[in-house]
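Descriptive structure summary
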Amino acid sequence: MEEKKEHKRRVRYKGTHPRNYNEKYKELNPEKYKDTVEKVIQKGSTPAGMHIPICVSEILEFLQIQPGQNGLDATLGYGGHTAKMLKCLNGKGHLTALDVDPIEMEKTRRRLTDLGFGEDLLTILQKNFADIDQVAREYGPFDFILADLGVSSMQIDNPMRGFSYKFDGPLDLRLNPKSGISAADRLREMSREEFEGMLIENSDEPYAPEIAKTVFSTLKKGGKIETTFAFRECIERALAFLPEKEKKEAVKKSCARCFQALRIDVNNEFEVLEAFLEKLPDALSPGGRAAILTFHSGEDRLVKKSFKGLYQIGIYSDYSKEVIRPSREECIQNSRASSTKMRWAIKTFDSD
């Protein structure tokens, strides 16, 4: 006899609108509640559990994807860019997609399969894009490559992932929660000097000395910084000396920078990007096109330097001299697009 499953009621919330992540059951089921999701998007917000792809038209215009080509989405995420690129292939050719996040990767795999993109058109691998050389040996070379370096909205909005100072949850910040150590553990193993330097290098934090002093004074006294709110509270105390009229905005910006800096450190993001950029040309077919979206000045500098340097020695035939930014309309529609910068490069055709 089949075991009867216990019926679970959905989470109830106070007031007219859900506030907590788990209460947003309609936003977390976009396929079922399309009208609700559309209303949230029209208001300029990103529905919980979703990610709105950025610079889609600009990316597709540059990549010039043709049916029959072989491509790589180095950062699968929610699969928004992936689906658009697959549509350009029109059922001919193949796309390989990479992601280090095993949780979101499987959700996206199911979502894309439901859209009709099966294994004949799409191969999804749990792999870091720093290993693009290994991927290219088996699935390449690639006619086009896209890398979106932003953290996906569904990761940011989920309190259990610990990516945002706006939601209380474990201070984790790992893109792959099954690998490496959490941000809370990383804090415990760092020195005050290392932490201060990290804040400056990874996010240009102007109050790095004050924040480092408060964080490590808290830890030295036996205090625990294991949650996002505990980390945020340290930042708030560190900036208590600021004038009241400046404090709220300064705390908000410092929180965003400090969480970003710690996330970059925990996931070795700069080192991973450098490895990817070094291996990128060999993964491209002659004349192949690569586009990269960045969301941080440090990332953009690395991409710009790599593209320009490899162009000067003849590996790339052309590259973007200026950054491409999303339109004003897109930034109004999706506030998370405002810091986006796109750069591109085209591999030289073989001379022989």
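The following refers to the structure shown. (Residues numbered from 1 in each chain as written. Predicted model: local features only at pLDDT ≥ 70, side-chain atom pairs only at ≥ 80, totals over all residues. Heavy atoms only, no water.)

Remarks on the packing of aromatic side chains
By the definition in use, this model includes nine aromatic pairs. Summarising the aromatic geometry, the rings of phenylalanine 195 and phenylalanine 231 are spaced 6.5 Å apart at their centres and angled 65° between planes, so their arrangement reads as edge-to-face. With phenylalanine 195 in helix H8 (residues 192-203) and phenylalanine 231 in helix H10 (residues 228-238), the pair connects residues that are 36 residues apart, well separated along the chain. Classification of phenylalanine 231 as buried rests on a relative accessible area of 0%. An aromatic cluster is present here, built from Tyr165, Phe195, Phe216, Phe231 and Phe259 joined pairwise through their rings. A cation sits over an aromatic face here: lysine 321 above tyrosine 319, 4.5 Å from the ring centre. (Phe/Tyr/Trp six-rings, centres within 6.5 Å; stacked < 30°, edge-to-face > 60°. Helix = DSSP H or I, 4+ residues; strand = E, 2+ residues; numbered from the N terminus. Buried < 20%, exposed > 50% of the residue type's maximum accessible area, 1.4 Å probe, protein only. Lys NZ or Arg CZ within 6 Å of the ring centre and 35° of its normal.)

Brief notes about the state of the cysteines
Any covalent bond linking the sulfur atoms of two cysteines counts as a disulfide. If you walk through the whole model with that rule in mind, you get zero disulfides. Cysteine cysteine 258 remains unbridged, with the sulfur of cysteine 255 as its closest cysteine sulfur at 6.9 Å. Cysteine 258 gets classed as buried once you look at its relative accessible area, which sits at 0%. (Disulfide = S-S within 2.5 Å.)

Things to note about a positive patch on the surface
There is a patch of like positive charges on the surface, built from Lys166, Lys248, Lys252 and Lys253. One can find lysine 166 in the loop between helix H6 (153-157) and helix H7 (183-189). We classify lysine 166 as exposed; its relative accessible area is 54%. (Patch = residues over 30% accessible without salt bridge, like charges linked within 9 Å, V, L, I, M, F, W, Y side chains within 5 Å. Areas by Shrake-Rupley, 256 points an atom, 1.4 Å probe, with all protein chains shown as cover. Salt bridge = Lys/Arg side-chain N within 4 Å of Asp/Glu carboxyl O. Lys, Arg positive; Asp, Glu negative; His and termini not counted. Charge placed at Lys NZ, Arg CZ, Asp CG, Glu CD.)

Topic: the side chain of threonine 214
Relative to the helices and strands, threonine 214 resides in helix H9 (residues 208-220). Contact partners of threonine 214, with chain neighbours within four places excluded, come to Cys234, Arg237 and Ala238. (Contact = heavy atoms within 4.5 Å.)

A word on helix H5 (residues 132-139)
One turn of an α-helix holds 3.6 residues; hence residues three or four places apart share an orientation. What H5 keeps buried is the set Ile132, Val135 and Ala136. Each buried residue of H5 lies within a common arc of 100° when the element is viewed along its axis, so the set occupies one face. Summarising the geometry of H5, the exposed residues directed more than 90 degrees from the buried face are Arg137 and Glu138. Those residues of H5 that are buried lie in contact with strand E1 (70-73), strand E2 (94-99), strand E3 (122-126), strand E4 (142-148) and helix H12 (269-283). (Arc of directions from axis to C-beta.)

As for the environment of aspartate 73
Considering the arrangement of structural elements, one finds aspartate 73 in strand E1. We classify aspartate 73 as buried; its relative accessible area is 1%. Taking the C-alpha atoms as reference, aspartate 73 lies 10.0 Å from alanine 291; in sequence the two are 218 residues apart. Excluding residues that lie within four positions of it along the chain, aspartate 73 makes contacts with His81, Thr82, Met85, Leu95, Thr96, Ala97, Leu98 and Leu146.

In short, geometric facts, not functional conclusions.
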